[in-house]
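# Fold and geometry: a report
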Amino acid sequence: MAVPIQGQAGPQVLADGATATLRIGKSAEQIVTELHGRFYEQAYRGALFSGGMGAITSISNATFTSATLGATCTPIAGVWNPGTSTANLAILQAIMNVILTALQATGGGPFVWATSTGNNSISTGNVPLNRKTLAKSGSQAKDMSGVALTGLTNNLVVQQGSPLGGGSAYNASLLATAAGFATINGGGVENFDGSILVPPGGVLALLATTTPVAHSAVSGLLWEEVAL
């Protein structure tokens, strides 16, 4: 025997913990919707944070590359989850844009992601942005973008390539002229959607693979802090 399911037409305004009938349309159809943007709930709950190099920053140094994987390494975009943290960092999204600052330049790509675990003594880092309050407070993590990993216990290990890029498409010196400008890579967005978790003590870092010359960048990293 069929069991009818009843619903209510039109939106409802409910407090947390309230129960209600399913929402239906005026033709008695069940309404299924994403409602808000896909990161809205995490932001509204105060669990969404971000970091990055918001000011144009020179990356023309080997410390921004996979040739430097120790405590002097400087992530172009990166985050550290202290060992005392009570949350995992669910990485959602990364952005980067790179520009040339001189006619003669060397590109830094391709770019890669590197990780390290078991780090409890990093003494540097910036306070991330709370995406609900727009204040730099509330996060258990440290934004390591553009900051040396001073106190890193275990060297980073390169794990995978990144589609992020920007700047010269050549990883060799190239002199641009008015008749022939250097080929430029555009910036972009990399969506992780929680497919990488940074546990307590973990570090995630975006690095170049060739030492850039005459390149500067801006970057960003977005994550949700999920209780263990």
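Just so we're clear, the structure is a prediction, and the values are computed from it rather than from any experiment.

## Overview of the overall build of the protein chain
Within the protein chain one finds one helix and 17 strands. The C-alpha radius of gyration of the protein chain comes to 22 Å, more than 25% above the 17 Å expected for a compact globule of 228 residues. Counting only C-alpha atoms, the protein chain reaches 75 × 50 × 35 Å along its principal axes. Just so you have it, the protein chain exposes about 11,800 Å², and 56% of that area is on carbon and sulfur atoms. Computed over 8 positive and 9 negative side-chain charges, the separation of the two mean positions in the protein chain equals 7 Å.

## Focus: the sheet that holds strand 5 (residues 77-80)
Taken in spatial order, the five strands make up an open sheet running 10-5-16-8-11, and their pairing is antiparallel. Of all strands in the sheet, those bounded by a partner on one side alone are strand 10 (142-143) and strand 11 (157-162).

## Considerations on the pairing of strand 16 (residues 203-207)
Of all five residues making up strand 16, five are buried, and the element is well covered by its neighbours. Here strand 16 shows no split at all, with Val203, Ala205 and Leu207 on one side and Leu204 and Leu206 on the other all buried. For strand 5 and strand 16, the ladder comprises four bridges, and the chain directions are antiparallel. Bridged to tryptophan 80 within strand 16 is valine 203. Pairing geometry for strand 8 (residues 111-116) and strand 16, over five bridges, is antiparallel. The residue bridging serine 116 from the neighbouring strand is valine 203, located in strand 16.

Reading the values: the criteria
- Position labels on residues start from 1 in each chain and follow its written sequence.
- Predicted model: local features are reported for residues with pLDDT of at least 70 only, side-chain atom pairs are reported and counted for 80 or more only, and whole-chain, interface and lining totals are derived from all residues.
- The basis for the side-chain values is all heavy atoms of the structure; hydrogens and waters are excluded.
- A run of H or I in DSSP counts as a helix once it spans at least four residues, and a run of E counts as a strand once it spans at least two, with each numbered from the N terminus.
- Both definitions apply: the radius of gyration is a C-alpha atom measure, and the globule rule equals 2.2 Å times residues to the power 0.38.
- Only the protein chains shown count as cover for residues, with accessible areas throughout obtained via the Shrake-Rupley method and a probe of 1.4 Å.
- Think of it this way: Lys and Arg go in the positive column, Asp and Glu in the negative one, and His and the chain ends go nowhere.
- To locate a charge, the coordinates of NZ of Lys, CZ of Arg, CG of Asp or CD of Glu are taken.
- Any two strands between which DSSP finds at least two bridges are classified as paired.
- Burial classes follow relative accessibility: with a 1.4 Å probe on protein chains only, a residue under 20% of its type's maximum area counts as buried, one over 50% as exposed, and anything between as partly exposed.

What is shown is where atoms sit, not what they do.
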